[in-house]
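Each chain, written out:
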Amino acid sequence: MNDAERKKGIRRTALIFGGIALAFYIGFILVGVLQS
Amino acid sequence: MATAAADITDHHDDHGPAKGIGRWLFSTNHKDIGTMYLLFSLTMFFVGGAMAMVIRSELAVPGLQFVDPGFFNSMTTMHALIMVFGAVMPAFVGLANWMIPLMIGAPDMALPRMNNWSFWILPVAFGILLSTLFMPGGAPAGGWTMYPPLILQTGDAFPFLIFSVHLMGISSIMGAINVIVTIINMRAPEMTLIKMPMFVWTWLITAYLLIAVMPVLAGAVTMLLTDQFFGTSFFLAAGGGDPVMFQHIFWFFGHPEVYIMILPAFGVVSEIIPTFSRKPLFGHDSMVYAAASIAFLSFIVWAHHMFTVGMPLTGQMFFMFATMLIAVPTGVKVFNWVATMWRGAMTFETPMLFSLAFVFLFTIGGFSGLMLAIAPADIQYHDTYFVVAHFHYVLVPGSVFAIMAAAYYWLPKWTGHMYNETLGKVHFWASTIFVNLTFFPMHFLGLAGMPRRIPDYSTQFADFNTIASIGAFGFGLSQLIFVAVIVTAWKGAKATDRVWEGSHGLEWTVPSPAPYHTWETPPKARIADEAFE
């Protein structure tokens, strides 16, 4: 794996897991909205 | 070994760490940030510990002696928040920062600037949380679980509590993203996932848990905030909301949180026991699968914290049996640790002593957890000191002992000097005796019906409470020995690169102390193979 590929991988992994975290945050507030 | 040392010092010799306070404020070096996390954690351990001393002073004898009940409740709430989010979690993040890059052959964490930010958010968060002690209405006193509607009665401290919890969450999520990204993208070429050391594996699984559940906590406290200040009724029955929903959301975070605090401890113990047994870890791959199974199960057991709230019988049955299932992968782990020691050439240096105590005492906490999983029995135990005994056995001789074991194990690699083994052993024995003196009597108190979170109690509970208080003060004082060990750590004999006779892994192929920059050239196959054996 060269440096460019590694950097791309780092950016991609960070974005995926950041996105998952954001989805859980918004998703659980939506659960609250739907339940209340 | 010599080749490895040459490889890792080839670059960046021209510049070491920055001078002065700037080194720490602006550091992007994983070792510096790891050190800051560990020192922050130790500080918070003493702050939270001082609050525990207030609690145990008040409970030493029946009656109200030192503090008013409101302040007592603030102490239980703040003690828990500080120990969970300020002491145990940052300690494991500190260990991860220091050791994961060294163990996988990476030059640093993948996102070093975010790493700096993750750390520096923490002192701000806890500064805000601790400042609530001086606010009108006092610090939060509704328990660390922050159940509404009780928590909504908090005074001026309420928005500060919510803000500080958000900050802790942001810090944890950024730390977890960093760990995942580093492990996925920065491993040495020869290090396949399954070859990774157990500490790295357990941290990878822990990071997945953090990504999944910290936003859930953030969502729950955001909804508390809007209920209090923006006219919503997520959890307010009067407005059509449901306070029980908060408990479901909180424990969907809260139960995996327990495993966030124990899985890295499993990883630490899985590194130390093989070293001092001079044998490879028994069943490495099964340990990985067991940790992953525990993490998966942690998502489907949350309502065992809520048996007394009321739920359908099928719900009780599901959560009861799902909880009991966790004993299976946990049993695999305990079996494998014992099997690793079986016929090993064991020696009992301080890290091994703490690890052995972990195996015994964490298991006691595990068994009392099984008792609490039984729904009809839990209705009797719920909100008693039995629960306090249970989770303190999991978290103190469990998580905290593993952190101590890790500190002793890797201290020579960090400082380049051997710590004082005699002091270490005194610290271990004092801690082990006093931790049991503190928490074992709490089982009896709980079974006899003493409720938790109360500043006064019936005289029938007096003797065991006095014993527990003596134990707590002994345990607190014993930790000063640990400080003495750290302060004197730079005076000991020079540590070798490998430090321990039985140690294996890439971190032991770099010099002691570990240079400021390591693995700028990924370790070569030969070195890696030696380390993996």
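Residues numbered from 1 in each chain as written. Chains lettered and ligands numbered in written order. Predicted model: local features only at pLDDT ≥ 70, side-chain atom pairs only at ≥ 80, totals over all residues. Heavy atoms only, no water.

Colleague: Can you help me understand the confidence of the model for chain B in this one?
Modeller: Caution applies to low-pLDDT parts of the model: their predicted coordinates are not meant to be read in detail. Looking at chain B as a whole, its pLDDT mean stands at 94, while 95% of the residues score no less than 70. The ipTM, which scores confidence in the relative placement of chains, is 0.95 for this predicted complex, and the corresponding pTM is 0.95. (pLDDT = per-residue confidence, 0-100.)

Colleague: Mind showing me how you'd approach the interface of chain A and chain B here?
Modeller: When the parts of a complex come together, some accessible area is lost, and that lost area is often used as the size of the interface. The interface of chain A with chain B comprises 19 residues on the first partner and 27 residues on the second. Both faces considered, chain A and chain B share a buried interface measuring about 1800 Å² in area, 80% of it formed by carbon and sulfur atoms. When residues of chain A are sorted by the area they lose upon contact with chain B, Ile10(A), Phe17(A) and Phe28(A) head the list and together hold 31% of the total. At the boundary of chain A and chain B, one finds 0 salt bridges. Seen at the junction of chain A and chain B, the total is 4 residue pairs in polar contact (both at pLDDT 80 or more). Across the side of chain A that touches chain B, the residue classes tally to 12 nonpolar, 6 polar and 1 charged. (Contact = heavy atoms within 4.5 Å. Buried area = accessible area lost by both parts, 1.4 Å probe. Salt bridge = Lys/Arg side-chain N within 4 Å of Asp/Glu carboxyl O. Polar contact = N/O pair within 3.5 Å; in protein donor to acceptor, adjacent residues only side chain to side chain. Nonpolar A, V, L, I, M, F, W, Y, C, P; charged D, E, K, R; others polar.)

Colleague: Quick question: what am I supposed to make of the environment of Arg187(B) here?
Modeller: Relative to the helices and strands, Arg187(B) is located in the loop between helix H6 (157–185) and helix H7 (198–229). In the structure, Arg187(B) is positioned 15 residues away from Thr202(B) in sequence and 16 Å away in space, judged by C-alpha atoms. Sequence-distant contacts of Arg187(B), that is, excluding residues within four places in its chain, are made with Arg6(A), Ile104(B), Thr182(B), Thr192(B), Leu193(B) and Met196(B). Separated by 2.7 Å, the side chain of Arg187(B) and the backbone oxygen of Ile183(B) make a polar contact. (Helix = DSSP H or I, 4+ residues; strand = E, 2+ residues; numbered from the N terminus.)

Colleague: How should the nonpolar core be read in this particular structure?
Modeller: Note on soluble globular proteins: their nonpolar side chains tend to be buried together. All names here are of chain B. Membership of the largest hydrophobic core comes to 188 residues, with the highest contact counts inside it found for Phe 85 and Trp 410. In terms of residues, this core owes the most to one element, helix H4 (residues 69–104), which gives 23 residues. Trp 410 has contacts with Leu 95, Met 99, Met 103, Phe 199, Val 268, Glu 271, Glu 507 and Trp 508, leaving out every residue within four places of it along the chain. In this structure, Leu 372, Ala 377, Tyr 381 and Phe 386 belong to the second largest nonpolar core, which totals 5 residues. (Core = buried A, V, L, I, M, F, W, Y, C linked by side-chain atoms within 4.5 Å. Buried < 20%, exposed > 50% of the residue type's maximum accessible area, 1.4 Å probe, protein only.)

Colleague: Would you mind going over the pattern of salt bridges with me for this structure?
Modeller: Once their charged atoms are close, side chains differing in charge can pair, the charge on each being opposite to the other. All names here are of chain B. Tallied over the entire structure, the rule returns 3 salt bridges over all chains. The residue Asp 32 makes a salt bridge to Arg 23 at a minimum N-O spacing of 2.8 Å. A residue is classified by how much of its surface remains accessible, and Arg 23, at 23% relative accessible area, is partly exposed.

Colleague: Is there a simple way to think about the packing of helix H14 (residues 385–415) of chain B against helix H16 (residues 462–487) of chain B in this case?
Modeller: How two helices sit against one another is set out by the angle between their axes and by the gap between those axes. All names here are of chain B. One can describe the packing of H14 onto H16 by two numbers: an axis separation of 12 Å at closest approach and a directional angle of 15°. The pairing of H14 with H16 is recorded here as roughly parallel in orientation. Judged by the sense of rotation from one axis to the other, the crossing of H14 with H16 is left-handed. Residue-level contacts link Val 396, Phe 401, Met 404, Ala 407, Tyr 408 and Leu 411 of H14 to Phe 475, Gln 479, Phe 482 and Val 485 of H16. (Axes fitted to C-alpha atoms, helices over the stretch in contact; angles between N-to-C directions. Parallel < 35°, antiparallel > 145°, perpendicular 65-115°, else oblique. Left-handed = near helix turned anticlockwise from the far one by under 90°.)

Colleague: Hey, could you run me through the side chain of Ser57(B) in this one?
Modeller: Along the polypeptide, Ser57(B) turns up in helix H3 (residues 30–59). Not counting chain neighbours up to four residues away, the residues in contact with Ser57(B) comprise Gln65(B), Phe66(B) and Phe473(B).

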